Amino acid sequence: MTGSANGRNGTGDTEALREEIRRTRVELGETMEALAAKADVKARLRSSAEQAKGRVREQAAQTVARVRGQAAQGAEAARERAAAGAELGRSPVPWAAVAAGAVATMIVLLIVRGRRR
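Calculation rules
Residues numbered from 1 in each chain as written. Predicted model: local features only at pLDDT ≥ 70, side-chain atom pairs only at ≥ 80, totals over all residues. Heavy atoms only, no water. Helix = DSSP H or I, 4+ residues; strand = E, 2+ residues; numbered from the N terminus. Buried < 20%, exposed > 50% of the residue type's maximum accessible area, 1.4 Å probe, protein only. Areas by Shrake-Rupley, 256 points an atom, 1.4 Å probe, with all protein chains shown as cover. Patch = residues over 30% accessible without salt bridge, like charges linked within 9 Å, V, L, I, M, F, W, Y side chains within 5 Å. Salt bridge = Lys/Arg side-chain N within 4 Å of Asp/Glu carboxyl O.

- In the nomenclature of an unreviewed UniProt entry, the protein corresponds to DUF3618 domain-containing protein from the organism Micromonospora carbonacea.

**Examining the overall build of the protein**
Okay, step 1: In terms of helices and strands, the protein carries 3 helices and 0 strands.
Okay, step 2: N-terminal to C-terminal, the α/β element order of the protein is α-α-α.
Okay, step 3: Counting only residues that meet the buried cut, the protein has 0% of its 117 residues in that class.
Okay, step 4: Accessible surface for the protein amounts to roughly 10700 Å². Of this, 60% is attributable to carbon and sulfur atoms.

**Brief notes about a nonpolar patch on the surface**
Okay, step 1: There is a patch of nonpolar side chains on the surface, built from Leu-28, Met-32 and Leu-35 and spanning about 310 Å² of accessible area.
Okay, step 2: With respect to the helices, strands and loops of the structure, Leu-35 is situated in helix α1 (residues 2-39).

**A few points about the pattern of salt bridges**
Okay, step 1: On inspection of all chains with the given rule, the structure shows 4 salt bridges.
Okay, step 2: Glu-15 is paired through a salt bridge with Arg-18; the nearest N and O atoms lie 3.4 Å apart. Note that Glu-15 and Arg-18 are positioned in helix α1 at a spacing of 3 residues, about one turn of the helix.
Okay, step 3: Using a relative accessible area of 52% as the deciding quantity, one classes Arg-18 as exposed.
Okay, step 4: As a salt-bridge pair, Arg-22 and Glu-19 come within 2.7 Å of each other at their nearest N and O atoms. Highlighted residues: Arg-22 and Glu-19, both in helix α1, separated by 3 residues, approximately one helical turn.

Below, the structure is given as C-alpha cells:
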C-alpha cells in the first residue's frame with residue numbers, strides 16, 4: 001500500500017514539476033524579452049523621437065489655431081473700427097493736426113517778423 005501511494009505521488013509530483021518548469025520557462029522568456037527591449041537602445045531612441053515628434057506636431061497645431069483665432073479677432077476689430085470711421089465721415093484727428101500745424105506756422109511767422117523790426 002505504501003508503494004502504490006508513493007507511485008501515485010511520484011507521478012503527481014512529476015506532472016507538477018513539469019508544469020512548474022513550463023511556467024518558469026514562460027516567465028523566463030517574458031523576462032528575457034523585457035530585458036532585450038530595454039537593451040535595444042536604437043529602438044528606444046526611435047520610440048522616444050516619435051513621441052517627441054507627436055508632441056511637437058500637437059503643440060504646433062495648437063499654436064496655429066490660437067494665432068488664427070487671434071488674427072480673426074484682430075481683423076474683426078479692424079473692420080469694426082473702419083466701419084465706425086466710415087459712418088462718421090472723415091476722422092476729426094487729421095483736421096486737428098492741420099489746425100495745430102497752422103497755428104504753429106502763424107506763431108513762427110509772427111516771431112520772425114517781430115525780430116526783423
